[in-house]
Amino acid sequence: MKTIKAMKYTKWIVILFCLLGMAACRQDAPRFRIGVAQCSDDSWRHKMNDEILREAMFYDGVSVEIRSAGDDNRRQAEDVHYFIDKGVDLLIISANEAAPMTPIVEEAYQKGIPVVLVDRKILSDKYTAYIGADNYEIGRAVGNYIASSLKGKGNVVELTGLGGSTPAMERHQGFMAAISNFPDVKLIDKADAAWERGPAEVAMDSMLRRNPKIDAVYAHNDRIAPGAYQAAKKVGREKEMMFVGIDALPGKGNGLELVLDSVLDATFIYPTNGDKVLQLAMNILEKKTYPRETVMNTAVVDRTNAHVMQLQTTHISELDQKIETLNGRIGGYLSRVATQQVVMYGGLVILLLVAGLLLVVYKSLRSKNRLNKELSEQKRQLEEQRDILEEQRDKLEEQRDKLEEQRDQLIQLSHQLEEATHAKLVFFTNISHDFRTPLTLVADPVEHLLADNTLSGDQHRMLMLIQRNVNILLRLVNQILDFRKYENGKMEYTPVPVDILSSFEGWNESFLAAARKKHIHFSFDNMPDTDFHTLADIEKLERIYFNLLSNAFKFTPENGKVTVRLASLMKEGSQWIRFTVTNTGSMISAEHIRSIFERFYKIDMHHAGSGIGLALVKAFVELHGGTISVESDEKQGTVFTVDLPVQACIYETSSLEGSPASSVSEASPLNDALPIEEEELEKNYDSSKPSVLIIDDNADIRSYVHGLLHTDYTVIEAADGSEGIRKAMKYVPDLIISDVMMPGIDGIECCRRLKSELQTCHIPVILLTACSLDEQRIQGYDGGADSYISKPFSSQLLLARVRNLIDSHRRLKQFFGDGQTLAKEDVCDMDKDFVEKFKTLIDAKMGDSGLNVEDLGKDMGLSRVQLYRKIKSLTNYSPNELLRIARLKKAASLLASSDMTVAEIGYEVGFSSPSYFTKCYKEQFGESPTDLLKRKG
Ligand code: FRU
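Criteria and cut-off values
Residues numbered from 1 in each chain as written. Predicted model: local features only at pLDDT ≥ 70, side-chain atom pairs only at ≥ 80, totals over all residues. Heavy atoms only, no water. Helix = DSSP H or I, 4+ residues; strand = E, 2+ residues; numbered from the N terminus. Buried < 20%, exposed > 50% of the residue type's maximum accessible area, 1.4 Å probe, protein only. Contact = heavy atoms within 4.5 Å. Areas by Shrake-Rupley, 256 points an atom, 1.4 Å probe, with all protein chains shown as cover. Pairing = 2+ DSSP bridges. Axes fitted to C-alpha atoms, helices over the stretch in contact; angles between N-to-C directions. Parallel < 35°, antiparallel > 145°, perpendicular 65-115°, else oblique. Left-handed = near helix turned anticlockwise from the far one by under 90°. pLDDT = per-residue confidence, 0-100. 1 Å grid on protein atoms, 1.4 Å probe; cavity = no way out; pocket = protein on both sides within 12 Å on 5 of 7 lines; lining within 4 Å. Points joined across faces, edges and corners; volume = space filled by probe spheres on them. Phe/Tyr/Trp six-rings, centres within 6.5 Å; stacked < 30°, edge-to-face > 60°. Lys NZ or Arg CZ within 6 Å of the ring centre and 35° of its normal. Salt bridge = Lys/Arg side-chain N within 4 Å of Asp/Glu carboxyl O. Near = heavy atom within 4 Å. Polar contact = N/O pair within 3.5 Å; in protein donor to acceptor, adjacent residues only side chain to side chain. Sits in = over half its atoms within 2 Å of the grid points. Nonpolar A, V, L, I, M, F, W, Y, C, P; charged D, E, K, R; others polar.

A few points about the overall build of the chain
In step 1: Regarding its fold elements, the chain presents 30 helices and 24 strands.
In step 2: Of all 937 residues assigned to the chain, the portion counted as buried reaches 43%.
In step 3: Looking at the chain alone, contacts between residues at least 24 apart form 70% of all its contacts between residues at least 6 apart.
In step 4: Element-wise, carbon and sulfur atoms account for 55% of the exposed surface of the chain, whose accessible area totals about 49,700 Å².

Okay, structure coming up:
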């Protein structure tokens, strides 16, 4: 936006600059351009040229360019063309020779350029104006002068100008006309001297030789005349004759001086009149009236008037000189004026430029101020938002901590629940064992009694009732025992080739009576032309089927429907058998459906049963590598769907025992014991309780110690030294109990390694051993063990030792957490170094407001979790809390000792905003930083 504005201003300034520049240069563009094509280059021409230029100064905007052809027709033609091409407004031409120059002059004239002929003419009337003396008249005046000087008798020789030029022609004609009146005056010889002295001398030389008596020499100009005089003087005849020339120019070596020096007897004025030539040209250009022909007068100069003439011409030339000087001064003045004008215009431009720039700067400053204001407002809003976000982040972190705590508690609860369930199962198992013998002892006699035909009808009915209920009890007891077996991974799986279709059809008969009794419509559909042969544990399959159908009949009201469908399908490229058991009239809510297969889960008090039946069904289905699911809605009722993979019947019946089970059980997740154990540990890890790692290769010992500790501690188990080290690194427990004698890495080595690792060196280790030899004890302490207990040990002693070690470590944590130094005797060197390093790191980096635990962990060579557990275990504070406390303590000391403002101190110690700093400070110290400053005074 700003750039566009600046560009706009700059554009206007440039335009202004150009206009002013043009105005400053205006006077340089001429109004009229005049070209002068002179035929010769001599003093007469120089005088005329000077007069033209001098006169031009009196006109505004006139430029005059003069070119001289040096008596050469071709050069003069070029000069005329040059002026035509240049586009002059007017041409002044003195034609070298009339004939060759006529077409050139006509060309210029026909192109519309006004042409002024001076002194010499052409052979055409295609010109604008002529100005010059009357050469015929001059010739005549010379003729009369010579004739009268010779008193009407004598021989005359004539030396002419260039034969083709009109003055030469006319001067001759005028002369001849004059002497024709004097019969005794004779022109005895004539030669072309081409207006110059050299050719004149040569021509005169030969004429002297040819003519013994010459009385007068008629020279066409004052350069030819001294040439002739010189030739006569050479032969001593100069006194015999008179010499007459034309031009009568003043100045050294010119006609006037030659007369005064008695070289010439007379000369006739041939006026240059350059001033008049230019005046005529200007009249034409300025469209004023002008004469087409201007004829200038002539006069004779001889000894009688030469002196006066010289005085006059000297005076004139002095005046001319003065005019020149004046002109020079005027020129100087004009050029100064022009310079001053340029300077003035330039100054004006610069002034305007500066004014324009000032305007731009002023406008940009104004918009900058406005932007600054907007920016600071935005910054303030952003800072507010950042404060809010930081506060929210802290709150979220707190919430996360709380949630993690709750999760741990939930895990703990579920763990406890699991344990309760387990205990229930153990209890039921034990009870079931106890029940089975007496129940068998009841069932067997009842069977015997029922075989007695002498029984009365009532007795028989009662005994049947007893038998039915004993069977129910036995079934329940067996279910519990089976489930226990399943949970312990001891349930057998004995697959045999089974035709599921015929098996189901057979088993269906058992339910026909129930169907009839409750008026339930029982139907069985199977996919026609389908092979339902597979390998299955027939007994467990039967229990699955009976359980599902019994439930269906149990929960279907009178006149309801129970439907079984049997089908075959393809899943992920393999063959499966699916059967569904559907019953109407009962509806299980979504909430119950989720847990229906959990053991001991009962929908409500109205649903009878132990709650183990469906859990067992699920277990049996999974034993076959299958799946079971349930859906329930009011429209279709409740549908149980069982999918079983079809297994090819490649085994002989006799060889089925044991081995085939492995193919199924291998796929079963039950065998994947180790990962599940660790996964469960992760899930159940209760970080609110201190944790103890038990390393022992004896499962009974582990289980015993686990039993002792699990109420107060989170217990982690490891079956050997290397697993122990791995888990210690992973969980960083609060205490480790390790057996000494173990295969692989023994307890002492294990302890030594743990104490040499940064992550674990702070963890107290209790070594347990069956051997109480002093030597081993010493080895144990050398390895860094914190305590040593010999087997058999008293559980009280172990518990007390565990508690003491953890407590003393806690005290240490609290001590350090208060910000003091470590208790030297209680902490290993590595931990002291670690803590010192961490403190130094915090000190060095606290100024960085973006610093986080991840970064700190990286600098300390630990993961975020490892650093958290290590720091928490050593100091009772999380790394974040320590960082904040360190920042606030540093801030407190700066407040007390420096002159920095509250905001500066906040930034200095790494708070990203002063307001958030003030808030945290107040929370930590109970007063705001400003209160402290006030107190400080
Ligand atoms: C100068 C000049 C004069 C002469 C005139 C004739 O160039 O030679 O001496 O009078 O030209 O055109």
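Overview of the sheet that holds strand β10 (residues 266-269)
Within a sheet, adjacent strands bond to each other through the backbone by hydrogen bonds, running parallel or antiparallel.
In step 1: With respect to topology, 6 strands assemble into an open sheet ordered β7-β6-β8-β9-β10-β12, the strand pairing being mixed. For this open sheet the edge positions go to β7 (184-192) and β12 (300-302), each flanked by a neighbour on one side alone. Across the sheet, the mean angle from the axis of one strand to that of its neighbour is 20 degrees, orientation sign disregarded.
In step 2: Two elements, strand β6 (residues 153-160) and β7, share 8 bridges in a ladder whose sense is parallel. By the bridge assignment for β7, Val157 is matched with Asp189.

Comments concerning the packing of helix α20 (residues 721-731) against helix α21 (residues 747-756)
In step 1: The geometry of α20 relative to α21 is characterised by a closest axis approach of 10 Å and an angle of 20 degrees between their N-to-C directions. One way to sum up the angle between α20 and α21 is to call them roughly parallel. Once α20 is placed against α21, the crossing between them reads as right-handed. When α20 is examined against α21, the residues Gly721, Ile725 and Ala728 are found in contact with a partner set consisting of Cys750, Arg753 and Leu754.

Details of the confidence of the model for the chain
In step 1: On average, the chain scores 83 in pLDDT, and the residues at 70 or more come to 87%.
In step 2: By mean pLDDT, helix α17 (residues 659-667) is the weakest element of the chain at 30, and strand β8 (residues 216-219) is the strongest at 98.
In step 3: Contacts of residues 605-610 to residues separated by more than four positions or lying in other chains number 8 contacts, the stretch itself having pLDDT below 50.
In step 4: Contacts of residues 815-825 to residues separated by more than four positions or lying in other chains number 21 contacts, the stretch itself having pLDDT below 50.

Details of helix α8 (residues 224-234)
In step 1: Of all the 11 residues making up α8, 8 are buried; the element is thus mostly covered by neighbouring parts of the structure.
In step 2: When α8 is considered as a whole, its buried residues turn out to be Ile224, Ala225, Pro226, Gly227, Ala228, Tyr229, Ala231 and Ala232.
In step 3: Taken together, the buried residues of α8 touch β6, α7 (197-210), β8, β9 (242-247) and α9 (255-260).
In step 4: Looking at the residues trailing α8, positive phi occurs at Gly236, about 70 degrees.

Structural notes on the layout of surface pockets
One simple way to see leftover space: roll a probe sized like a water molecule over the atoms.
In step 1: Approximately 1,700 Å³ is the volume found for the second largest pocket.
In step 2: Asp401, Glu404, Tyr868, Lys872 and Ser878 are the residues nearest the centre of the second largest pocket, which is lined by 48 residues in total.
In step 3: Tallying contributions element by element places helix α11 (residues 306-450) first for the lining of the second largest pocket, with 11 residues.

Digging into the environment of Lys86
In step 1: Among the secondary structure elements, Lys86 is positioned in helix α3 (residues 73-86).
In step 2: For Lys86, a relative accessible area of 41% translates into the label partly exposed.
In step 3: Along the chain, Lys86 and Gly35 lie 51 residues apart, while their C-alpha atoms are 9.2 Å from each other.
In step 4: Leaving out residues up to four positions away in the same chain, Lys86 has contacts with Arg33 and Glu65.

What to know about the packing of aromatic side chains
In step 1: Overall, the coordinates contain 18 aromatic pairs when judged by the stated rule.
In step 2: Between the aromatic rings of Tyr145 and Phe268, the centroid separation amounts to 5.8 Å while the plane-to-plane angle is 85 degrees, which identifies the pairing as edge-to-face. Taken as a pair, Tyr145 in helix α5 (residues 135-149) and Phe268 in strand β10 lie far apart in primary sequence, 123 residues in all. A single burial state applies to Tyr145 and to Phe268, both of which are buried.
In step 3: Above the face of the Tyr130 ring, Lys121 is positioned so that its terminal group lies 4.8 Å from the ring centre.

Observations concerning the pattern of salt bridges
In step 1: This model, assessed by the stated rule, comprises 40 salt bridges.
In step 2: A salt bridge links Glu377 to Arg380, with the nearest nitrogen and oxygen atoms 3.0 Å apart. Of this pair, Glu377 and Arg380 are both found in helix α11, 3 residues apart, which corresponds to roughly one turn of the helix.
In step 3: We classify Glu377 as partly exposed; its relative accessible area is 35%.
In step 4: Since its relative accessible area comes to 39%, Arg380 is described here as partly exposed.
In step 5: Within the structure, one salt-bridge network assembled from shared partners comprises Glu65, Arg67, Asp79 and Lys86.

Observations concerning the site of the ligand
In step 1: Surrounding the ligand, one finds 13 residues, the nearest of these being Asp42, Asp119, Arg120, Asn221 and Asp247.
In step 2: In this structure, an oxygen atom belonging to the ligand sits 3.0 Å away from a side-chain N or O atom of Arg45.
In step 3: Between the ligand and the protein, one listed contact pairs an oxygen atom with a side-chain N or O atom of Asp247 at 2.5 Å.
In step 4: In isolation the ligand offers 310 Å² of accessible surface; the protein chains occlude 100% of this area.
In step 5: Comparing atom positions with the cavity grids shows the ligand to sit within the largest cavity.
In step 6: For the shell around the ligand, the secondary-structure elements that each account for two or more residues are α2 (43-56) and α6 (166-179).
In step 7: Classifying every residue of the shell around the ligand gives 4 nonpolar, 2 polar and 7 charged.

As for helix α16 (residues 613-623)
In step 1: With 9 of its 11 residues buried, α16 lies for the most part within the structure.
In step 2: Residues Gly613, Leu614, Ala615, Leu616, Val617, Ala619, Phe620, Val621 and Leu623 constitute the buried set of α16.
In step 3: Positive backbone phi, approximately 80 degrees, marks Gly625, located one or two places after α16.

Examining unusual backbone geometry
In step 1: Even without being glycine, Asn273 reaches a positive phi, approximately 50 degrees.
In step 2: Among the structural elements, Asn273 can be located in the loop between β10 and α10 (274-285).
In step 3: In the Ramachandran plot, Val732 falls in the positive-phi region, its phi being about 45 degrees despite a non-glycine side chain.
In step 4: Relative to the helices and strands, Val732 is located in the loop between α20 and β22 (735-739).

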